[in-house]
Amino acid sequence: MSDGHEGGCVCGAVRYRTTGAPKRISVCSCHWCQKRTGSVLGLSVYFDAADVAFLKGETRPYRLTSDAGRWIETRFCPTCGTTLGWTLEFLPGLQGIAGGTFDGSAPWHPQRYVFARNRPDWLCLADDIAPYEGMPG
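Only a predicted model underlies this, so the values are computations on that prediction, with no experimental measurement involved. (Residues numbered from 1 in each chain as written. Predicted model: local features only at pLDDT ≥ 70, side-chain atom pairs only at ≥ 80, totals over all residues. Heavy atoms only, no water.)

Regarding the sheet that holds strand β4 (residues 42–48)
Strand order in this open sheet of 8 strands is β6-β7-β8-β9-β4-β3-β10-β11, and the pairing throughout is mixed. Strands at the two margins of the open sheet, each flanked by one partner only, are β6 (60–65) and β11 (130–131). In terms of strand pairing, strand β8 (residues 83–88) meets strand β9 (residues 94–98) through 2 bridges, oriented antiparallel. Within β9, the residue paired with Trp86 across the bridge is Gly96. (Pairing = 2+ DSSP bridges. Helix = DSSP H or I, 4+ residues; strand = E, 2+ residues; numbered from the N terminus.)

Below you can see the structure in the form of C-alpha cells.
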C-alpha cells in the first residue's frame, strides 16, 4: 500500500493528498454523517493535520454542533458541495477526511462504529469493528 493517497470533490475543483497512516478510522451513523453523505453512515479517516495537504482549490468552512454536543468544522467544495474533511473539537491536531472522497476506494478497514444506535437492522458489522452506541469518551 502506498504511503500517500489523493482525493477530491465531485467536480474536481478541490484536491487533497494524505501521507502516512491514518490515526483513526471510524464508521459513523450520527445525524451529521447521515446528512453529509446522504446515506445511513459515513466513513471517517483521521490523519495528523500536518499529513493532509489541500493541493487545489479552496474549501468553504461550516461549523456546527454534533450529536455529542461538540463543535465540528467541516470543509466543503463551494462549487459542488462535496464535504471533503473536518476538524473536531475533541480530536485536536487531527484532520478528518471523508472516506468516499479518496480516488478509488479508501484502503483502510474501520476500527469502530460510532453512533451504532442509528444503525439500520439490515447492516451487519465485521467482528473486528467495535460498536459504540454514541461517541466514546
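Having seen the structure, we can now continue with the description.
Describing the sheet that holds strand β5 (residues 52–56)
Here we have 3 strands laid out as an open sheet, ordered β1-β2-β5, and antiparallel in their pairing. Only two strands of the sheet have a single neighbouring strand rather than two, namely β1 (4–8) and β5. Along the sheet, successive strands turn relative to each other by an average axial angle of 25°, direction set aside. Taken together, the 4 bridges between strand β2 (residues 15–19) and β5 define a ladder with antiparallel strand orientation. Residue pairing for β5: Arg15 is matched across the bridge by Lys56. (Axes fitted to C-alpha atoms, helices over the stretch in contact; angles between N-to-C directions.)

Quick look at the packing of aromatic side chains
A complete count under the given rule lists 7 aromatic pairs for this structure. Ring geometry for Phe47 and Phe102: centres 6.4 Å apart, planes at 55°, overall tilted. On the criterion of sequence distance, the pair formed by Phe47 in strand β4 and Phe102 in the loop between β9 and β10 (112–114) is long-range, its members being 55 residues apart. One aromatic cluster in this structure is built from Tyr16, Phe47, Phe54, Phe102 and Trp108. One cation-aromatic arrangement involves Arg75 over Phe54; the distance from NZ or CZ to the ring centre is 3.9 Å. (Phe/Tyr/Trp six-rings, centres within 6.5 Å; stacked < 30°, edge-to-face > 60°. Lys NZ or Arg CZ within 6 Å of the ring centre and 35° of its normal.)

Comments concerning the nonpolar core
Ranked by internal contacts, the top residues of the largest apolar core, which has 14 residues, are Cys28, Cys30, Trp32, Tyr46, Ile72, Trp86 and Leu88. Counting only elements with at least two residues in this core, the list comes to α1 (31–37), β8 and β9. Of all hydrophobic cores here, the second largest spans 13 residues; its members include Cys9, Val14, Phe102 and Trp108. (Core = buried A, V, L, I, M, F, W, Y, C linked by side-chain atoms within 4.5 Å. Buried < 20%, exposed > 50% of the residue type's maximum accessible area, 1.4 Å probe, protein only.)

Here we look at the environment of Tyr132
Tracing the chain through its elements places Tyr132 in the segment after β11. In this structure the C-alpha to C-alpha distance between Tyr132 and Gly38, which are 94 residues apart in sequence, comes to 21 Å. Beyond its immediate stretch of four places on either side in the chain, Tyr132 contacts Arg112, Tyr113, Val114, Phe115 and Ala116. (Contact = heavy atoms within 4.5 Å.)

Things to note about the state of the cysteines
In this structure the tally under the stated criterion is 0 disulfides. Cys11 provides the cysteine sulfur closest to Cys9, a residue in no disulfide bond, and the two sulfurs are 3.7 Å apart. The class of Cys9 is buried, set by a relative accessible area of 9%. In this structure Cys30 is a free cysteine whose sulfur lies 3.6 Å from that of Cys28, the closest cysteine sulfur available. Among the residues examined, Cys30 registers a relative accessible area of 6% and is labelled buried. (Disulfide = S-S within 2.5 Å.)

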